[in-house]
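Working through the structure, step by step
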Amino acid sequence: MDKSLEPIVKKLQEKFGATYEEFRGEAHCFVRPEQIVDALMCLRDEHQFELLSAQTAVDYHPQNAPRFHVIYQLTSLAQNLSVQLRVPVNGDQLKVPTATRVFKSANWREREISDMFGIEFEGHPDPRRILMPDDTEGHPLRKDFPLGYEEPQFSFNFDEIDLRKPYVKE
Amino acid sequence: MGVEQKLGNMGVVTTTLENVVNWSRTGAMWPMLFGLACCAIEMMAAQAAHYDMSRFGMELMRASPRQSDLMIVAGRVSKKMGPVLRRLYDQMPEPKWVLAMGDCASCGGVFNNYAIYQGVDEVVPVDVYVAGCPPRPEALIHGVLTLHEKVKGDKFKDLAADIK
Amino acid sequence: MTQIEEVTIDQYKHLVSERALTGETMLLNMGPQHPSTHGVLRLLLELDGEVVINCIPDIGFLHTGVEKNMEAKTYQKAEVMTDRLDYMNTMGNNLSYVMAVEKLIDVDVPVRAQALRVILVELQRIASHLVWLGTSGLDLAAMSMFLFCFREREQILDIFELVSGQRMMTTYIRPGGVWRDVPVEFEKAVRDFIKIFPKRIDEYEKLLTKNPLFIDRMVDIGHLSKETALSYGVTGPSLRASGVNWDLRKARPYMGYEQYDFNVPVLTEGDTYARYLVRIQELRESLKIVEQAMNKLPLGPVRSDNRKFVPPPRSEIGVSMESLIHHFKLWTEGFNAPQASIYSAIESPRGELAAFLEGDGGPKPLRVHLRTPSFDNLAVLPEMVKGHLVADLVAILSSIDIVLGDIDR
């Protein structure tokens, strides 16, 4: 880990009780859902992390506590550092406070996470589906949503698949 | 110039009405601008100066479906875009043809999943399929010429049966 | 197949002003199929006459489910899908995913492969900016720009076809290096391009930069201030035209970029004309990088030797038994990656393109997320457009240079 990143991670540990892991030079800090907005504001105002580069989520399906991790990747342009915050979310309590007050780019990113994973962001100004059509049921990027794989048509099963496919006017 | 040399002073040509109608339809078939994804860039490259499509009659791409005859579906059609595609196809006046450009429009291509129609012939009836990911501009031109051959073989009695 | 739902104004009540609910202003749909929306983007405009009061983008018409589909394939086979996201920058997409995989499995890349990757990625940057210039001119009714730019692009695509066999979706950059060494005609083709291109850029500038019509339509249109840009997560030429000097090639060099001498253009006005000037200057800088990399191209292998993760070249398979076994194992089962996550970013022609990759100890990734620049660059559009005319909206939309494949994934 970068030398100048160590005091920042130590401050996060003291103020929010965050644990951290390191892998190939990247620092991942685990923060509880209630504290995430304060942690983001502290990093933005005191340590000049002005850019929220990415915000996404990961599903660890067969395991329910935690089932999801919501990931915030922050970049500081002035000091040329970046840090990753991870928020573990349980399968039965899918609520995380919204980060739109701190970074405006969280608006669309959180809409995408709630569309794809079903995690609800409390206080979001515009909670509509963004990528899927409005009448979709389910959340596609969860591990228990099927891929929708269709059997390819080779010459041995050409005719039987041909009869099943919904062609139009043909 | 060639016609006058062959006829001399006559000024009369005999042919069938079908031949004339089919020939004039292939002469200036205007495509509708329906580029969705990567294949749209190859379609634009086919329209540009290096591989010129206007020598085959496709001088302009009309954005409005009411003024075009051919819909080149270039790119992958997602489940949200399907109803839009169908509505635009319905707005085109007869006679109209559809060319499915690329693998994603013909059969779903690389993407075999919940979000993409596996072949645009689940939404509109297709006349010519052009394979490739993306097809080279020369392949698209070959597809267009195949469509011209198909139109030249059209018979009036088939068209009259379609129109109800 | 679902029917198109009728849209009522109740769905957008929280986004439009109160005048729309009484009918004083008009809600216009600039639909998914429109000649100047650069792909399938739907914009709902609230108009007072010709002036735009609010703009609500509606995306998702090209959603391809790439992230879920990549979870079902092994690491090497999933790379094919990354090409088709941002289809103007196919080499760059490959590079960002491959760099993440290489960092995850800890494989080094030989120097010749690094130099070849830099040459191809910079040529791809030039091709992407040429398409932007051509379609931008087409939107503002300068139609001959389109034909000129595509003429140069054909030459670059010929170089790509020489190297990999495919014009656009090459998948030439693979984990561990590149697919195979370049043929002997590569050097001559690249040097011919380097010789003719500077004069062509001068031609484009003579046509457009001081043109009074162009300046009228571009200057003072679509202001983006520095704080708004950083808060919305905008990166790339749009950020550099608003005064922030941030380029990942200089700040966090990868693939040997620190050896090449080039400048990063930064302007402070933040309007459409500034974004145009930044991109034209980037064309010249990319050409400088290509020339330096071509002069310094080192000799050596083009693929890493670590046969547990990188397949051997075909010529070795016929003579060595271990190569055959490695080839078989890697292409049927794939390699196992550690249970950890990596975030690796490159500078694409549109901004910061990054791959977030999480492995679970097996041959298939647990989660692949691609952080694409056009997603955040589009989110700032409603701020830039308030108070302008509809014709200015077209100019602004073409200047932020979005690609819908990037946004919808």
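Overview of the structure. Predicted model only: the values in this text are computed from it and were never measured.

1. A look at the sheet that holds strand β2 (residues 42-48) of chain C
Residues and elements named next belong to chain C. With antiparallel pairing, the 3 strands of this open sheet are ordered in space as β1-β2-β3. Looking at which strands have only one partner, the edges of the open sheet turn out to be β1 (26-30) and β3 (51-58). Between one strand axis and the next, the sheet turns through 25 degrees on average, direction left out of account. In this structure, β2 lies alongside β3, joined through 7 bridges in antiparallel fashion. Bridge pairing in β3 places Leu 44 opposite Ile 56.

2. What to know about the packing of aromatic side chains
All names here are of chain C. By the definition in use, this model includes 14 aromatic pairs over all chains. Taking the centre distance of 6.2 Å and the plane angle of 40 degrees together, the rings of Trp 132 and Tyr 276 count as tilted. Taken as a pair, Trp 132 in helix α5 (residues 111-139) and Tyr 276 in helix α12 (residues 272-295) lie far apart in primary sequence, 144 residues in all. Residue classification places Trp 132 among the buried positions, given a relative accessible area of 4%. According to the relative accessible area criterion, Tyr 276 is buried, its value standing at 1%.

3. Thoughts on the nonpolar core
Ranked by size, the top nonpolar core spans 175 residues in total, and within it A:Tyr72, A:Leu85 and C:Leu378 carry the most contacts. Considering each element in turn, this core owes the most residues, 13 residues, to α5(C). With near-sequence residues (within four places) excluded, A:Tyr72 lies in contact with A:Ile36, A:Leu40, A:Leu52, A:Ala54, A:Gln55, A:Val83, A:Gln84, A:Leu85, A:Val87, A:Val96, A:Ala99 and A:Phe121.

4. Quick notes on the interface of chain C and chain B
On the side of chain B, 38 residues touch chain C, which itself brings 38 residues to the contact. Carbon and sulfur atoms supply 65% of the area buried between chain C and chain B, which totals about 3,400 Å² over both sides. Joining chain C to chain B, the criterion identifies 3 salt bridges. Salt-bridge contacts for C:Asp58 lead to B:Lys80; the nearest nitrogen and oxygen are separated by 3.6 Å. On the surface where chain C and chain B come into contact, there are 11 residue pairs in polar contact (both at pLDDT 80 or more). Going through the elements one at a time, α2 (66-70), α3 (75-83) and α6 (143-164) of chain C are the ones with two or more residues in the side of chain C that touches chain B. A class-by-class count of the residues in the side of chain C that touches chain B yields 19 nonpolar, 11 polar and 8 charged.

5. A word on the environment of C:Trp179
Residues and elements named next belong to chain C. With respect to the secondary-structure elements, Trp 179 resides in the loop between β5 (177-178) and α7 (185-208). A residue is classified by how much of its surface remains accessible, and Trp 179, at 31% relative accessible area, is partly exposed. The sequence separation of Trp 179 and Gly 134 amounts to 45 residues, and the corresponding C-alpha distance is 31 Å. Beyond its immediate chain neighbours, meaning those up to four positions away, Trp 179 contacts Val 163, Ser 164, Tyr 172, Arg 174 and Arg 303.

6. Quick look at helix α4 (residues 82-91) of chain B
Residue and element names in this part refer to chain B. With 7 of its 10 residues buried, α4 lies for the most part within the structure. Within the sequence span of α4, burial applies to Gly 82, Pro 83, Val 84, Leu 85, Arg 86, Leu 88 and Tyr 89. The elements touched by buried residues of α4 are β1 (31-32), β2 (70-74) and β3 (97-101).

7. Examining the sheet that holds strand β4 (residues 68-76) of chain A
Residue and element names in this part refer to chain A. The strand order across the open sheet formed by 5 strands is β1-β2-β5-β4-β3, and the pairing between neighbours is mixed. Lying at the two open borders of the sheet, with one neighbouring strand each, are β1 (19-23) and β3 (51-59). Taking the axes of each pair of neighbouring strands and ignoring which way they run, one obtains an average angle of 25 degrees across the sheet. As judged from the 9 bridges shared by β4 and strand β5 (residues 81-89), these two strands associate in the antiparallel manner.

8. Some words on the side chain of B:Ser106
Residues and elements named next belong to chain B. Positionally, Ser 106 belongs in helix α5 (residues 103-107). Classification of Ser 106 as buried rests on a relative accessible area of 17%. Among the polar contacts made by the side chain of Ser 106, one reaches the main-chain carbonyl oxygen of Gly 102 at a distance of 2.7 Å. Residues within four places of Ser 106 in sequence aside, it is in contact with Ala 100, Gly 119, Asp 121, Tyr 129 and Val 130.

9. Re the packing of helix α4 (residues 90-105) of chain C against α5(C)
All names here are of chain C. Two elements in contact, α4 and α5, have axes separated by 8 Å at closest approach and are oriented at 140 degrees. Taken as axis vectors, α4 and α5 run oblique relative to one another. Between α4 and α5, the residues in contact are Thr 90, Met 91, Leu 95, Val 98 and Glu 102 and Arg 117, Leu 120, Val 121 and Gln 124, respectively.

10. Quick notes on the interface of chain A and chain C
Across the boundary between the two partners, chain A contributes 47 residues, which contact 50 residues of chain C. For the chain A and chain C pair, buried surface summed over both sides reaches about 4,000 Å², with 56% attributable to carbon and sulfur atoms. Looking only at chain A, the three residues that lose the most surface to chain C are A:Arg24, A:Trp108 and A:Leu131, adding up to 17% of its buried area. In this structure, the connection of chain A to chain C is made through 6 salt bridges.

11. A closer look at unusual backbone geometry
Cis geometry marks the peptide bond from B:Glu94 to B:Pro95; its omega dihedral reads -10 degrees. You will see that C:Asp106, though not glycine, has its phi angle at about 60 degrees, which is positive. Relative to the helices and strands, C:Asp106 is located in the loop between α4 and α5. With a phi close to 55 degrees, C:Met255 is a non-glycine residue in the positive phi region. Within the fold, C:Met255 resides in the loop between α11 (248-251) and α12.

What counts, and at which threshold
- Residues numbered from 1 in each chain as written.
- Chains lettered and ligands numbered in written order.
- Predicted model: local features only at pLDDT ≥ 70, side-chain atom pairs only at ≥ 80, totals over all residues.
- Heavy atoms only, no water.
- Pairing = 2+ DSSP bridges.
- Helix = DSSP H or I, 4+ residues; strand = E, 2+ residues; numbered from the N terminus.
- Axes fitted to C-alpha atoms, helices over the stretch in contact; angles between N-to-C directions.
- Phe/Tyr/Trp six-rings, centres within 6.5 Å; stacked < 30°, edge-to-face > 60°.
- Buried < 20%, exposed > 50% of the residue type's maximum accessible area, 1.4 Å probe, protein only.
- Core = buried A, V, L, I, M, F, W, Y, C linked by side-chain atoms within 4.5 Å.
- Contact = heavy atoms within 4.5 Å.
- Buried area = accessible area lost by both parts, 1.4 Å probe.
- Salt bridge = Lys/Arg side-chain N within 4 Å of Asp/Glu carboxyl O.
- Polar contact = N/O pair within 3.5 Å; in protein donor to acceptor, adjacent residues only side chain to side chain.
- Nonpolar A, V, L, I, M, F, W, Y, C, P; charged D, E, K, R; others polar.
- Parallel < 35°, antiparallel > 145°, perpendicular 65-115°, else oblique.

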